[in-house]
There are 2 protein chains.
Amino acid sequence: LSITRPLGFRAAATTAGLKPSGKPDLALIVCDPLTPAELRAHGRPIEHRHSAAAVFTQNVVVGAPVEIGRRWRATQSRGGQALRALLVNAGCSNAATGEPGIADAIATMKCVGEGLKCSTDEVLPSSTGIIGHRLNVGKINAAIPGLIGALARGEKADEAAASAIMTTDLVSKKAHREFELERHQVHLGAIGKGSGMIAPQLDSAGKVVPHATMLAFITTDASVEQPCLQIALEEACRGSFDRVSVDAHPSCSDTVILMASGAAPVRTIHRHDPEYFAFKAALTAVCQDLAQQVVRDGEGATRTFRVEIRGASSETAAVRIARAIVDSPLVKCAIHGKDPNWGRIVTAAGNAGVPFDTNDTSLSIGGVEVYRAGLPTGVARNDAKLLAAMNGDPVLCVLTVGDGTGSGWMIGCDLSDKYVRINADYTT
Amino acid sequence: LSITRPLGFRAAATTAGLKPSGKPDLALIVCDPLTPAELRAHGRPIEHRHSAAAVFTQNVVVGAPVEIGRRWRATQSRGGQALRALLVNAGCSNAATGEPGIADAIATMKCVGEGLKCSTDEVLPSSTGIIGHRLNVGKINAAIPGLIGALARGEKADEAAASAIMTTDLVSKKAHREFELERHQVHLGAIGKGSGMIAPQLDSAGKVVPHATMLAFITTDASVEQPCLQIALEEACRGSFDRVSVDAHPSCSDTVILMASGAAPVRTIHRHDPEYFAFKAALTAVCQDLAQQVVRDGEGATRTFRVEIRGASSETAAVRIARAIVDSPLVKCAIHGKDPNWGRIVTAAGNAGVPFDTNDTSLSIGGVEVYRAGLPTGVARNDAKLLAAMNGDPVLCVLTVGDGTGSGWMIGCDLSDKYVRINADYTT
């Protein structure tokens, strides 16, 4: 159950021939909002419409789809059109391709628009794969009529779309949540991909703040006012995709797009409605579910670990410390080797650029305190409980760095020789 | 030829029993300044004295020796005593050990001071090895009389000291330079260690600015006024140790200590003397030599790569971009696999937190331009010249990010499955 579980969405996937492997590589997700006639028939106000929101990487170098997505997003605050379709390909990221890359992407958007009889502006592209290669527009546009013809609802369509957007992913990623509104079940569905080049730090519509190629596409049949949808998405990303890292290298293509069809028979959600919080909670849960699937499928990863920081001066400081820990290759190798070498965790924290007093610093791993108020507790490295904790998945590390009220967390994965093999032989 | 090549230094090493391997693990470097009688006999002013300078890690979590070293350094601006001896051990870093760790280190300093008949304040300790373990003071102090008895000049003593401070290093690290002053040869010698937890970003006496366990001990028979010696060392580190990274994880113990014996029959160097620049150039060359040996011996490293950034707004911005590139696991794996996957280099640059315009950005690898003004140049991935460049050591990457005057460089090493094996099994 994922993207076509919410009412008002269809999906399809095919093999356009972009992946050298010959596997499916092109997916289309379409939003079918209620027509004016349907709105009238359902007794809904005519201004009840579909909406969409998006966040992108904060990398200075961005793929053409990100550039196009940002332009689309900028139109939303002045009443720009919502999205009817997302065209997602794997095998080529269309990044570092300049203006020609943008023209290529627009040519595919135009083809989808013509097929769906909507405006080009109602279509967004999204691409993942090798950087610095031109998109094969010919192959994509040749595949689009077939894709449109195959659009369908149901698990088969969801799985086909989720699989087509995979690159080094070993498993496809899908999530689903539902919540009750006015005695109706409102649905959220999502597909995502990501395995390497994962350390998402997503931007916001207001300012470009920090996100890897991680792609996530979320659908809901709620009706949500656009500015409110955008804010909900940004907040949900802060507590989900931004909190996972596989290899500390945010991609040029990280993208999360949320489409609300408004097809559920409930009223439109605005920012200060009590329903907003129920919606945001369900959205955050979907994002966290996908984000965890991504880090669990991190390239070469065998296990994950969760770092919680407490007692920092702010959440930002806490997350910064947590990020320094999950991104340290030495910590990641220790997790891989199930080695309770906690000095690496403490010193990684010390590199975060956030001051703290080691005399007020304590660390526990899986509930076993190994460092308290700046001193080793003396737990033996072969302590049974500690070894059991190091064998956990996730391994839970809680680091207290003072008595501040700031806390934060990050989820990382171990670094294995398989990661090296995958990435030493990616293009050759 | 290294630390005892300059006049006025002796060294020795022994096995105190700190390394589980049973290899030598304790070294002593002693400075023998000219006595008042010798100064008179040489016709040198009595205020011509020996001096010392030091820089340490900027990690928030520091080893007891770093804490003690900083306290010593703080006394230098108010005429504190120079150093007579450095006691360096491998096998235990005496870090994350709080006040008891400091007391342990002082007990060893005291033992050295008694043996050499100098003050405890004229001795500094330095430690590398496992974090979070107490130092075995009994074993160290039992070994000190023998060490003092064995102090000697010459290549054998240098090599013994260089070997005793190794941890995961595969080769010992020594460097030597000489320059002419008043028709005399003045010498600089150095030993160093470092292989993992290497991304030195050293502090300065003025402020704690950013340095891994990388240890380097430098000697010279020049006579250099202390504040001038400290500044020369800080500037030399900026252009050497701070420009190398193995694994982006600065250690809690990074230390560089420079001792000047003043034993060469030349006048004392002050900051604004023309001789200062000759001294600093030779010092920088020694530091660069050692730093390159460290990154070349990076854990699991098979090759190194050098990233040069040009056209940035400042040197700081340029170095920040270069650091983001050398520290990206994806770039490091591409170097390992000799894979010209240049999109990883460009996107790593885009994550540095430094804005630049991709339309003004170009990248060449070993002189082969792969990306020009935001567009791929179309060089085939199997281009013979490009493949030859990827097989180089170092692989040279030159990234131009605009038309600013800021430039900077970093040297990194590849990430191999051997790095993972070394660090997954470090303590267990």
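None of these values were measured; they are calculated from a predicted model.

With that out of the way, let us pick up the pairing of strand β2 (residues 26–31) of chain B. Consecutive side chains of a regular strand alternate in pointing toward one face of the sheet and then the other. All names here are of chain B. Taken across its six residues, β2 has six buried, putting it largely inside the fold. Burial along β2 is two-sided: the residues Leu26, Leu28 and Val30 and Ala27, Ile29 and Cys31 are all buried. With six bridges connecting them, strand β1 (residues 9–14) and β2 associate as antiparallel partners. When the bridges of β2 are listed, Arg10 appears paired with Val30. Sheet analysis places β2 next to strand β4 (residues 85–92), joined by five bridges and oriented antiparallel. In the sheet register, Ala27 faces β4, and the bridge partner there is Val88.

Residues and elements named next belong to chain A. With mixed pairing, the five strands of this open sheet are ordered in space as β3-β10-β8-β7-β6. Lying at the two open borders of the sheet, with one neighbouring strand each, are β3 (51–56) and β6 (173–181). Averaged over all pairs of adjacent strands, the angle between strand axes in this sheet comes to 15°, irrespective of strand direction. Bridge analysis of strand β7 (residues 184–193) against strand β8 (residues 215–220) gives six bridges, and the strand direction is antiparallel. The partner of Gly192 across the bridge, within β8, is Ala216. Of the strands in this sheet, β3 and β10 (255–260) are in contact with helix α2 (residues 64–76), which crosses β3 at around 135°. Taken strand by strand, helix α6 (residues 226–238) contacts β3, β8 and β10, and its axis lies near 35° from that of β3.

Rotating chain B by 180° and moving it 0.0 Å along the rotation axis overlays it on chain A with an RMSD of 0.0 Å. Within this description, the copies of the chain are treated as partners about a two-fold rotation axis. Identified as the residue of chain B closest to the rotation axis by C-alpha distance is Asp417 of chain B, at 2.2 Å. Mapped onto chain A, 100% of the interface residues of chain B are again interface residues, and the two copies thus contact each other with one and the same surface.

To continue, consider the nonpolar core. Most often, soluble globular proteins have nonpolar side chains that are buried together. Phe279 and Ile325 of chain A together with Phe279 of chain B are the most contacted members of the largest nonpolar core, which has 177 residues in total. The residues contacting Ile325 of chain A, other than those within four sequence positions of it, are Phe305, Val307, Ile309, Val331, Ile345, Ala348, Ala349 and Leu399 of chain A.

Contact with chain B, which involves 57 residues of that partner, is made by 57 residues of chain A. Taken as a group, Val60, His249 and Leu330 of chain B account for 13% of the area that chain B buries against chain A, more than any other trio of residues on that side. Our count for the contact surface shared by chain B and chain A stands at zero salt bridges. Applying the counting criterion to the chain B and chain A interface returns 17 residue pairs in polar contact (both at pLDDT 80 or more). Looking at the side of chain B that touches chain A, the elements with two or more residues in it are α3 (98–116), α9 (329–336), α10 (343–349), β14 (375–376) and α12 (417–424) of chain B. When the residues that make up the side of chain B that touches chain A are grouped by side-chain class, the tally is 28 nonpolar, 21 polar and eight charged.

Turning to the side chain of Ser261 of chain B, a few remarks are in order. Residue and element names in this part refer to chain B. Tracing the chain through its elements places Ser261 in the loop between β10 (255–260) and α7 (274–296). One polar contact links the side chain of Ser261 to the main-chain carbonyl oxygen of Leu7, over a distance of 2.6 Å. For Ser261, the side chain forms a polar contact with the main-chain nitrogen of Ala263, separated by 3.1 Å. What Ser261 contacts, discounting residues up to four positions off in sequence, is Leu7, Gly8, Phe9, Cys31, Pro33, His50, Thr220, Asp221 and Ala222.

Turning next to the side chain of Lys332 of chain A. All names here are of chain A. Mapping Lys332 onto the fold places it in helix α9 (residues 329–336). Here Lys332 is buried and forms no salt bridge, its nearest opposite-charge partner Asp327 lying at an N-O distance of 5.5 Å. Discounting residues that sit within four places of it in the chain, Lys332 has contacts with Val246, Phe305, Val326, Asp327, Cys413, Asp414 and Leu415.

A pair of packed helices is characterised by two quantities: the angle between their axes and the separation of those axes. All names here are of chain B. Two numbers describe how α3 lies on helix α4 (residues 137–150): the axes approach to 10 Å, and their chain directions differ by 20°. In terms of orientation, α3 lies roughly parallel with respect to α4. You can see that α3 and α4 cross each other, and the crossing is right-handed. Contacts between α3 and α4 involve Asp104, Ala107, Thr108, Cys111, Val112, Gly115 and Leu116 from the first element and Val137, Ile140, Asn141, Ile144 and Ile148 from the second. For the contact of α3 with α4, the per-class residue count stands at eight nonpolar, three polar and one charged.

The subject of this paragraph is the packing of aromatic side chains. Aromatic ring pairs are described here by two measures, namely the spacing of the ring centres and the angle between the planes. Under the definition given, this model contains six aromatic pairs over all chains. Judged by centre distance (5.4 Å) and plane angle (80°), the rings of Tyr276 of chain A and Phe277 of chain A are edge-to-face. Residue classification places Phe277 of chain A among the exposed positions, given a relative accessible area of 52%. For the pair Trp342 of chain B and Tyr371 of chain B, a centre-to-centre distance of 5.1 Å together with 35° between the ring planes defines the contact as tilted. Of this pair, Trp342 of chain B sits in the loop between α9 and α10 while Tyr371 of chain B sits in strand β13 (residues 368–372), placing them 29 residues apart in sequence. Judged by relative accessible area, Trp342 of chain B falls into the buried class, the value being 5%. Taking the ring centre of Trp409 of chain A as reference, the NZ or CZ of Arg306 of chain A above it sits at 4.5 Å.

The next point concerns helix α7 (residues 274–296) of chain A. Its 23 residues place the ends of α7 of chain A 34 Å apart at the C-alpha level, agreeing with the 33 Å of an ideal helix rising 1.5 Å per residue. Buried within α7 of chain A are the following residues: Glu275, Tyr276, Phe279, Ala282, Leu283, Thr284, Val286, Cys287, Leu290, Ala291, Val294 and Val295 of chain A.

Under the definition given, this model contains 36 salt bridges over all chains. Residue Asp32 of chain A pairs with Arg84 of chain A through a salt bridge whose shortest N-O separation is 3.7 Å. On the criterion of sequence distance, the pair formed by Asp32 of chain A in the loop between β2 (26–31) and α1 (36–42) and Arg84 of chain A in the loop between α2 and β4 (85–92) is long-range, its members being 52 residues apart. For Asp32 of chain A, a relative accessible area of 24% gives the class partly exposed. Since its relative accessible area comes to 15%, Arg84 of chain A is described here as buried. Here Glu308 of chain B makes a salt bridge to Arg306 of chain B, at a shortest N to O gap of 2.9 Å. On the accessibility criterion, Arg306 of chain B (23% relative accessible area) is partly exposed.

A cis geometry characterises the amide bond from Asp393 of chain A onward to Pro394 of chain A, with omega recorded as 0°. As for its placement among the helices and strands, Pro394 of chain A is situated in the loop between α11 (384–390) and β15 (395–400). For Glu182 of chain A, which is not a glycine, the phi torsion comes out positive at approximately 50°. Tracing the sequence through the fold places Glu182 of chain A in the loop between β6 and β7. Overall, the relative accessible area of 36% leaves Glu182 of chain A in the partly exposed class. Even without glycine at this site, Arg183 of chain B takes up a positive phi of about 65°. As for its placement among the helices and strands, Arg183 of chain B is situated in the loop between β6 (173–181) and β7 (184–193). For Arg183 of chain B, a relative accessible area of 78% translates into the label exposed.

Moving on, we get to helix α6 (residues 226–238) of chain B. Under the 1.5 Å per step criterion, the end-to-end length of α6 of chain B is 19 Å for 13 residues, consistent within 8% with the ideal 18 Å. Listing the buried residues of α6 of chain B in full gives Gln226, Cys228, Leu229, Gln230, Ala232, Leu233, Glu234, Ala236 and Cys237 of chain B.

Cut-offs used in this document
Residues numbered from 1 in each chain as written. Chains lettered and ligands numbered in written order. Predicted model: local features only at pLDDT ≥ 70, side-chain atom pairs only at ≥ 80, totals over all residues. Heavy atoms only, no water. Buried < 20%, exposed > 50% of the residue type's maximum accessible area, 1.4 Å probe, protein only. Helix = DSSP H or I, 4+ residues; strand = E, 2+ residues; numbered from the N terminus. Pairing = 2+ DSSP bridges. Axes fitted to C-alpha atoms, helices over the stretch in contact; angles between N-to-C directions. Contact = heavy atoms within 4.5 Å. Least-squares fit on C-alpha atoms with pLDDT ≥ 70 in both. Core = buried A, V, L, I, M, F, W, Y, C linked by side-chain atoms within 4.5 Å. Buried area = accessible area lost by both parts, 1.4 Å probe. Salt bridge = Lys/Arg side-chain N within 4 Å of Asp/Glu carboxyl O. Polar contact = N/O pair within 3.5 Å; in protein donor to acceptor, adjacent residues only side chain to side chain. Nonpolar A, V, L, I, M, F, W, Y, C, P; charged D, E, K, R; others polar. Lys, Arg positive; Asp, Glu negative; His and termini not counted. Parallel < 35°, antiparallel > 145°, perpendicular 65-115°, else oblique. Left-handed = near helix turned anticlockwise from the far one by under 90°. Phe/Tyr/Trp six-rings, centres within 6.5 Å; stacked < 30°, edge-to-face > 60°. Lys NZ or Arg CZ within 6 Å of the ring centre and 35° of its normal. Expected span 1.5 Å × (residues − 1).

Functional significance is not addressed by these values, which are geometric in nature.
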